[in-house]
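# An overview of the molecular structure
Residues per chain, in single letters:
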Amino acid sequence: MRPAVTLVLGGARSGKSRFAESLAPAGEMGRVYVATAEPVDDEMADRIAIHRSRRGSAWRTVEAPIALAQTIKRESTPRTWLLVDCLSVWLGNLMHHDLDVGAACEALLEALAAAPGPVVLVASEVGLGIVPDNAMARAFRDHAGRLNQAVAEVAGTVFFVAAGLPVTLKGAPSPD
Amino acid sequence: MRPAVTLVLGGARSGKSRFAESLAPAGEMGRVYVATAEPVDDEMADRIAIHRSRRGSAWRTVEAPIALAQTIKRESTPRTWLLVDCLSVWLGNLMHHDLDVGAACEALLEALAAAPGPVVLVASEVGLGIVPDNAMARAFRDHAGRLNQAVAEVAGTVFFVAAGLPVTLKGAPSPD
Amino acid sequence: MRPAVTLVLGGARSGKSRFAESLAPAGEMGRVYVATAEPVDDEMADRIAIHRSRRGSAWRTVEAPIALAQTIKRESTPRTWLLVDCLSVWLGNLMHHDLDVGAACEALLEALAAAPGPVVLVASEVGLGIVPDNAMARAFRDHAGRLNQAVAEVAGTVFFVAAGLPVTLKGAPSPD
């Protein structure tokens, strides 16, 4: 287990990104926002722009739609907050480009285990609706659930966020 | 923050309405049920009838499929419990009639901030499944998530209900 | 309320089965795994095989795709852990074969109330996504939500599992 790894789990529009940002307060440490979203259409581009403008200049943004493990290795230092937003979009990118999901997840877990500084990861919970009709969506749901479990096992702290409010699933109580 | 505002969040058939009713005990205070559902088809009419028969004569019912803010302003008194059931259906009505969702939500938040008596609001959490295929459903999910966050911020107490059992997200522990 | 009945609620790929298994530790008591899944296609057969190989020889498996109440009556003893995995799949089987869901749920609740030994039941939470388009999926969601509420009322302990981590909804705190 890595005390410096935190997983923030939540639904769509649950306030999980905002909550995750609040875990990395401004101060003497650097802050790097690791963005996994690719602006493939206007809707996605809008979402990215909204998130980016909220963060302002307090964060340096690096893009990691695929090479997430390598980015964590390269960017993590004891004096830097890393915020990965989000794991589920990264997983979707891997599947979209038909890459080896299992190998990529292994590499990610290794990078987290070796990261010298604190890493906060945002992930979507997508398994609480009706079983999807199409096989690709079911496969995504399976991968996402397994990845969330694996990262939760490595993490020292895990939160579930609903309506902007955290429930602590593991580790320290929520910062209120 | 308004201590007298309570948000009850939950999934479909989670027991959230029943739990919300239990927060407004029978007694010397009046009880007004603010129903947002429009009986547009038989399935919806059945659901409404079931809820109404469970509540019995202990509640006065007022319909507010659209004019929710105005209804709260008109009905709230220090001696009245208001139960709004539910925010997500109201949001769907606004979208169905192509009304200004942002303005309506602003008016609702102002009405809550000014309400002289206790208000319990029920809302659905709809963001924990797979991303929906159609754009309207995604837009609804976005609006619902944002509204839930905004009401949760105003509320003094927020519960998440699953299988009829509450988890306290904010404020007082659950009444057990 | 039956202290010996435990409900483990969670989403797809949430780790709920694994967590439920951890509640029935190896020891002097027998362990019976009550499987409700029917291997109707390859995908389902694969899932069943994965679960079965994880449990290994520590569990005796009995199949109960329909006759769940009768199986609990027959198998429960004070010296046996019963693990039912899962209620939602059983409910889907009832609907698929057009059986009387209400009567079957009543019989299940009676069997739980009369069980002489501990019973752990796994169930899916499926009501936290967008309202499904088709009526059958909505009916399933309604049945599942009602069944989860009814079993939660009978149970002495209820957990909600996300990313492999339990939140206690009722009864004893989670075993950490």
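Residues numbered from 1 in each chain as written. Chains lettered and ligands numbered in written order. Predicted model: local features only at pLDDT ≥ 70, side-chain atom pairs only at ≥ 80, totals over all residues. Heavy atoms only, no water.

## Quick look at unusual backbone geometry
Residue Cys86(A) is bonded to the preceding Asp85(A) through a cis peptide linkage, with omega at 0°. Tracing the sequence through the fold places Cys86(A) in the loop between strand E4 (80-85) and helix H4 (87-96). Although it is not a glycine, Ala163(B) adopts a positive phi angle of roughly 50°. Within the secondary structure layout, Ala163(B) lies in the loop between strand E6 (155-162) and strand E7 (165-170). You will see that Arg13(C), though not glycine, has its phi angle at about 50°, which is positive. Summarising the element assignment, Arg13(C) is placed in the loop between strand E1 (2-10) and helix H1 (16-22). (Helix = DSSP H or I, 4+ residues; strand = E, 2+ residues; numbered from the N terminus.)

## Here we look at the pairing of strand E6 (residues 155-162) of chain A
Looking along a regular strand, one sees the side chains alternate between the two faces of the sheet. All names here are of chain A. Taking burial as the measure, the 8 residues of E6 include 8 buried ones, the bulk of the element. Relative to E6, strand E1 (residues 2-10) is paired through 6 bridges, and the arrangement is parallel. What sits directly across from Thr6, in E6, is Thr157. Looking at chain direction, E6 and strand E7 (residues 165-170) are connected through 5 bridges and run antiparallel. (Buried < 20%, exposed > 50% of the residue type's maximum accessible area, 1.4 Å probe, protein only. Pairing = 2+ DSSP bridges.)

## Considering the interface of chain A and chain C
Across the contact, 18 residues belong to chain A and 23 residues belong to chain C. Across the chain A to chain C interface the summed buried area is about 1600 Å²; carbon plus sulfur atoms make up 64%. Of all residues in chain A, Leu128(A), Ile130(A) and Gln149(A) give up the largest surface area on contact with chain C, accounting jointly for 41% of the area buried on that side. At the boundary of chain A and chain C, one finds 1 salt bridge. Between Arg13(C) and Asp142(A) there is a salt bridge whose closest N-O contact spans 2.9 Å. Here chain A is connected to chain C by 6 residue pairs in polar contact (both at pLDDT 80 or more). Broken down by secondary-structure element, the contributors of at least two residues to the side of chain A that touches chain C are helix H6 (135-154), E6 and E7 of chain A. Here the side of chain A that touches chain C takes 8 residues from H6(A), the largest share from any one element. Here the residues of the side of chain A that touches chain C are counted per class, giving 8 nonpolar, 5 polar and 5 charged. (Contact = heavy atoms within 4.5 Å. Buried area = accessible area lost by both parts, 1.4 Å probe. Salt bridge = Lys/Arg side-chain N within 4 Å of Asp/Glu carboxyl O. Polar contact = N/O pair within 3.5 Å; in protein donor to acceptor, adjacent residues only side chain to side chain. Nonpolar A, V, L, I, M, F, W, Y, C, P; charged D, E, K, R; others polar.)

## Considering helix H2 (residues 42-55) of chain B
For H2(B), built from 14 residues, the straight-helix expectation of 20 Å at 1.5 Å per residue is met to within 8% by its first-to-last C-alpha distance of 20 Å. Phi for Gly56(B), located one or two positions after H2(B), is positive at around 65°. (Expected span 1.5 Å × (residues − 1).)

## Comments concerning the sheet that holds E1(C)
All names here are of chain C. The 7 strands lie next to each other as E3-E2-E4-E5-E1-E6-E7, forming an open sheet whose pairing is mixed. Single-partner strands in this sheet number two, and they are strand E3 (60-63) and strand E7 (165-170). Between one strand axis and the next, the sheet turns by 25° as a mean value, whatever way the strands run. Summarising the sheet, E1 and strand E5 (residues 119-124) pair through 6 bridges and their orientation is parallel. Across the sheet, the residue bridging to Thr6 is Val120, located in E5. (Axes fitted to C-alpha atoms, helices over the stretch in contact; angles between N-to-C directions.)

## Comments concerning the nonpolar core
In terms of nonpolar packing, the biggest core is built from 132 residues, with Leu87(A), Leu87(B) and Leu87(C) touching the most fellow members. Residues contacting Leu87(A), with those up to four places away along its chain left out, are Leu7(A), Leu68(A), Leu108(A), Leu121(A), Val122(A), Ala123(A), Leu147(A) and Val151(A). (Core = buried A, V, L, I, M, F, W, Y, C linked by side-chain atoms within 4.5 Å.)

## Thoughts on the relation of the copies chain A and chain C
Least-squares fitting of chain A to chain C yields an RMSD of 0.0 Å, with the transformation described by 0.0 Å of translation along the axis and a rotation of 120°. Within this description, the copies of the chain are treated as partners about a three-fold rotation axis. Of every C-alpha in chain A, the one belonging to Gly129(A) sits nearest the axis of rotation, 2.5 Å from it. (Least-squares fit on C-alpha atoms with pLDDT ≥ 70 in both.)

## Overview of empty space enclosed by the protein
Applying the stated criterion to the full structure yields 3 cavities of 30 Å³ or more. In this model, the largest cavity occupies a volume close to 100 Å³. Forming the boundary of the largest cavity are Phe160(A), Val167(A), Leu169(A), Phe160(B), Ala162(B), Val167(B), Leu169(B), Phe160(C), Ala162(C), Val167(C) and Leu169(C). Going through the elements one at a time, E7 of chain A, E6 and E7 of chain B together with strand E6 (155-162) and E7 of chain C are the ones with two or more residues in the lining of the largest cavity. Here the lining of the largest cavity is composed, by residue class, of 11 nonpolar, no polar and no charged. (1 Å grid on protein atoms, 1.4 Å probe; cavity = no way out; pocket = protein on both sides within 12 Å on 5 of 7 lines; lining within 4 Å. Points joined across faces, edges and corners; volume = space filled by probe spheres on them.)

## Digging into the interface of chain A and chain B
Each partner contributes to the interface: chain A provides 23 residues, whereas chain B provides 19 residues. Between chain A and chain B, a total of about 1600 Å² is buried, with carbon and sulfur atoms accounting for 64% of that surface. The largest share of the area that chain A buries against chain B comes from Arg13(A), Ala163(A) and Leu165(A), three residues that together contribute 36% of it. If you look at where chain A meets chain B, you find 1 salt bridge. Run the count over chain A and chain B and you get 6 residue pairs in polar contact (both at pLDDT 80 or more). Going through the elements one at a time, helix H2 (42-55), H6, E6 and E7 of chain A are the ones with two or more residues in the side of chain A that touches chain B.

## Remarks on the pattern of salt bridges
Under the counting rule described, the total for this entry stands at 12 salt bridges over all chains. The structure contains a network of salt bridges with shared partners spanning Arg60(A), Arg74(A) and Glu75(A).

## A short note on the packing of H4(A) against H6(A)
Residues and elements named next belong to chain A. At a closest axis distance of 10 Å, the pairing of H4 and H6 adopts a crossing angle of 130°. Classified by the angle their axes make, H4 and H6 are oblique. Seen from above, H4 lies across H6 with right-handed handedness. Seen from H4, the contacting residues are Leu87, Ser88, Trp90, Leu91, Gly92 and Met95; seen from H6, they are Met136, Ala139, Phe140, His143, Ala144, Leu147 and Val151. (Parallel < 35°, antiparallel > 145°, perpendicular 65-115°, else oblique. Left-handed = near helix turned anticlockwise from the far one by under 90°.)

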